[in-house]
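Understanding the architecture of this molecule
Spelled out from the first residue to the last, the chains are:
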Amino acid sequence: MKTMARNAAVERKNLITVCRFSVKTLIDRSCFETIDDSCSEFTNFAAILEQVLTHRLKGQVNWFGFESPRSFWDFIRMACSKVPHNCISSIENMENVSSSRAKGRAWIRVALMEKRLSEYISTSLRDIKTTRRYYEDGAIVLGEEANMLAGMLLGLNAIDFSFCLKGESLDGNCPAVIDYTPYLKFTQSSESISSDEEELRTLGSGSEGSTPENLGPPFITDEHSWYNKCKRVEQKFRLALEQKGYLEELVRLREAQLAESVAQNKIVLQRMEETDLNHKLEKEQLEFIILELQDQLAVLKNNDLRSRQELTAHLTNQWPSPGALDADAVALDTLLYRKQCGQWDEHSFQSLEQLSAEISLSSTSLDPLHPQKEGEGRHENSKSDGKEDTPSLLGLCGSLTSMTSYKSLTSLKSSECLASPNAEINSPGLTPF
């Protein structure tokens, strides 16, 4: 188990180290010539990046349950679809690119020409869910080396690439092979170099044909080595100069973005302050309106209470007195009794008020001072009527002191029964027994 873990760690380390070397050599070569498909450094870099993205990639399960090899393009297509203005759809629509491996290689070239390879890789690595669905545990894209990969690819944005997407380099049938020989260099220490030179001098001085000219080749070799060192230093200086220019441009871009963000932040803060102020003013206005409405409601309640009191007082004042109701009730009883007995005289009483007045006058007959009049009246009634007096006719019409009797009296005043004695009273309450 430890051996497998060590092998996986060494494999990841080797791929990341070789990828870093390939990026450096590619940047060095870009100082002298344009990078295209014929550049061996780019071919090696594309093969290394393909191996990194394919490291521990899960196979595709078919209908029969078997796994078939899968290209890293399936992962890139899903993980980089959220990148704004991506080139995924353009690569999918290419006519001369059919296989997944060829589409993945075309994507590497297009991303390098767009100077967005690092952006694509960073976006895909942030999608942890999709990454774990396509890669097994221990893959480079799932480890700590993934962040190093995205960082080292950022330096490629300073290089101008030019590729042809119709060449044989996009052939998806042949796998990518990494050439390790440019990165396998033996570095000799200074002590070893000095011992070798001393040994050469010793061997040269001990020979018979030793002449000053025989010591020429070591000096020539030493001069050639110094020339190579100067050339390498010059290349490193140019590379550092290019990187410095790129980093300065990147810093200026970030400063411009920062200034723009600060300006937008100020605008947003100003808008928030204005909105807060408007909200406070609206709140004060609404509170004032609520207080005003409460005052109006209180005034309306007081007015309503006052109106109810005035209406009650008015109705109380308009209600007839009990004495008037008793007089009208007696007059109505008399009128109905005379009509029933056939004693109605059309010219005797022109109105119910006259009858009420007569009855009020005749009520004085109850006075002890007029016993004779009362006797005479009773004698006349017995002669004309021939019937005994009933105890009371008040129960025939009900009590006129109630609201119902008062309404009946009012309707009787306005009806035609007072004008025409021959009219029949059809009301159930007024029909005599």
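All of these numbers come straight from a predicted model, not from anything done at the bench.

Turning our eyes to something else, we now look at the overall build of the chain. Scanning the chain from N- to C-terminus turns up 15 helices and 2 strands. Expressed as a percentage of the 433 residues in the chain, the buried residues total 25%. Taking as baseline every contact in the chain between residues at least 6 positions apart, the subset at least 24 positions apart corresponds to 74%. Looking at the chain as shown, the accessible area adds up to about 30600 Å², and 56% of this sits on carbon and sulfur atoms.

Turning our eyes to something else, we now look at the nonpolar core. Among the nonpolar cores identified, the biggest contains 61 residues, and Phe45, Trp107, Leu117, Leu153 and Leu156 are the most heavily contacted of them. Those elements that place two or more of their residues in this core are α1 (2-30), α2 (40-54), α3 (73-79), α4 (88-92), α5 (100-114), α6 (117-126) and α8 (145-152). The biggest single contributor to this core is α2, with 8 residues. Residue contacts for Leu153: discarding those within four places in its chain leaves Val23, Phe45, Leu49, Leu117, Ser118 and Ile121.

For the chain, per-residue confidence averages 74 on the pLDDT scale, and residues scoring 70 or more make up 63% of the total. In the predicted structure, residues 365-433 sits below a pLDDT of 50 and forms 54 contacts with residues beyond four places in sequence or in another chain.

On the surface, a cluster of nonpolar side chains totalling about 420 Å² of accessible area is made up of Leu286, Phe288, Ile289 and Leu293. Within the fold, Ile289 resides in helix α10 (residues 216-318).

Let's shift gears to α2. Every α-helical turn comprises 3.6 residues, leaving residues that sit three or four positions apart pointing alike. For α2, built from 15 residues, the straight-helix expectation of 21 Å at 1.5 Å per residue is met to within 8% by its first-to-last C-alpha distance of 21 Å. Listed in full, the buried residues belonging to α2 are Glu41, Phe42, Asn44, Phe45, Ala46, Ala47, Ile48, Leu49, Glu50, Val52 and Leu53. Considering only its buried residues, α2 is in contact with α1, α5, α6 and α8. Positive phi shows up at Arg56, right after α2, with a value of about 55 degrees.

The next point concerns the state of the cysteines. Enumeration according to the criterion identifies 0 disulfides in this entry. Cysteine Cys87 is unpaired, with the sulfur of Cys80 as its nearest cysteine sulfur at 8.2 Å. Residue class for Cys87 comes out buried when judged on its relative accessible area of 3%.

Here the focus is the pattern of salt bridges. For the coordinates displayed, the defined rule picks out 17 salt bridges. Glu136 is the salt-bridge partner of Arg56, the closest N and O atoms lying 3.4 Å from each other. Of this pair, Arg56 sits in the loop between α2 and β1 (60-61) while Glu136 sits in the loop between α7 (128-134) and α8; the two residues are 80 residues apart in sequence, bridging distant segments of the chain. Residue Glu136 is classed as partly exposed on the basis of its relative accessible area of 34%. When the shortest N-O distance is used, the salt bridge between Lys244 and Glu248 registers 2.4 Å.

All right, on to the environment of Ser38 then. Tracing the chain through its elements places Ser38 in the loop between α1 and α2. Judged by relative accessible area, which is 63%, Ser38 ranks as exposed. For the pair Ser38 and Phe163, spaced 125 residues apart in the sequence, the C-alpha separation amounts to 9.2 Å. A distance of 2.7 Å separates polar atoms of two side chains, one belonging to Ser38 and the other to Asp36.

So, on to a positive patch on the surface. Where like charges cluster on the molecular surface, the positive patch consists of Lys24, Lys229, Arg232 and Lys236. A total of 3 residues in the positive patch trace back to one element, the largest contributor, which is α10. As for its position among the elements, Arg232 is in helix α10. Note on Arg232: relative accessible area 45%, which makes it partly exposed.

Procedures and definitions
- Position numbers for residues start from 1 in each chain and track the written sequence from start to end.
- With the structure being a predicted model, the display of local features is reserved for residues of pLDDT at least 70 and the display and counting of side-chain atom pairs for 80 or more, all residues being used for whole-chain, interface and lining totals.
- Calculated side-chain values reflect all of the structure's heavy atoms, with hydrogen atoms and water omitted.
- Strands here mean DSSP runs of E at least two residues long; helices mean DSSP runs of H or I at least four residues long; both are numbered from the N terminus.
- Buried residues are those whose accessible area, probed at 1.4 Å on protein chains only, stays under 20% of the maximum for their type, while exposed residues exceed 50% and partly exposed ones sit between those limits.
- Contact definition: two residues touch when any of their heavy atoms are within 4.5 Å.
- Here the Shrake-Rupley method, with its probe set to 1.4 Å, supplies the accessible areas, and only the displayed protein chains count as covering residues.
- Among the buried residues, those of types Ala, Val, Leu, Ile, Met, Phe, Trp, Tyr and Cys that are joined through side-chain atoms within 4.5 Å form a nonpolar core.
- pLDDT expresses, on a scale from 0 to 100, how confident the predictor is about each individual residue.
- In this analysis, a patch consists of residues with relative accessible area above 30% that form no salt bridge, clustered at 9 Å for like charges and at 5 Å for the nonpolar side chains Val, Leu, Ile, Met, Phe, Trp and Tyr.
- Any Lys or Arg side-chain nitrogen found within 4 Å of a carboxyl oxygen on Asp or Glu counts as a salt bridge.
- What a helix is expected to span follows from its residue count: subtract one and scale by 1.5 Å.
- When two cysteine sulfur atoms lie within 2.5 Å, the pair is treated as a disulfide.
- Polar contact is the term for a pair of N or O atoms within 3.5 Å; when the atoms are in protein, one must be able to donate a hydrogen and the other to accept it, and sequence-neighboring residues count only if both atoms are side-chain atoms.
- Only four residue types enter the charge count, namely Lys and Arg as positive and Asp and Glu as negative; His and the chain termini do not.
- A single reference atom marks each charge: NZ on Lys, CZ on Arg, CG on Asp, CD on Glu.

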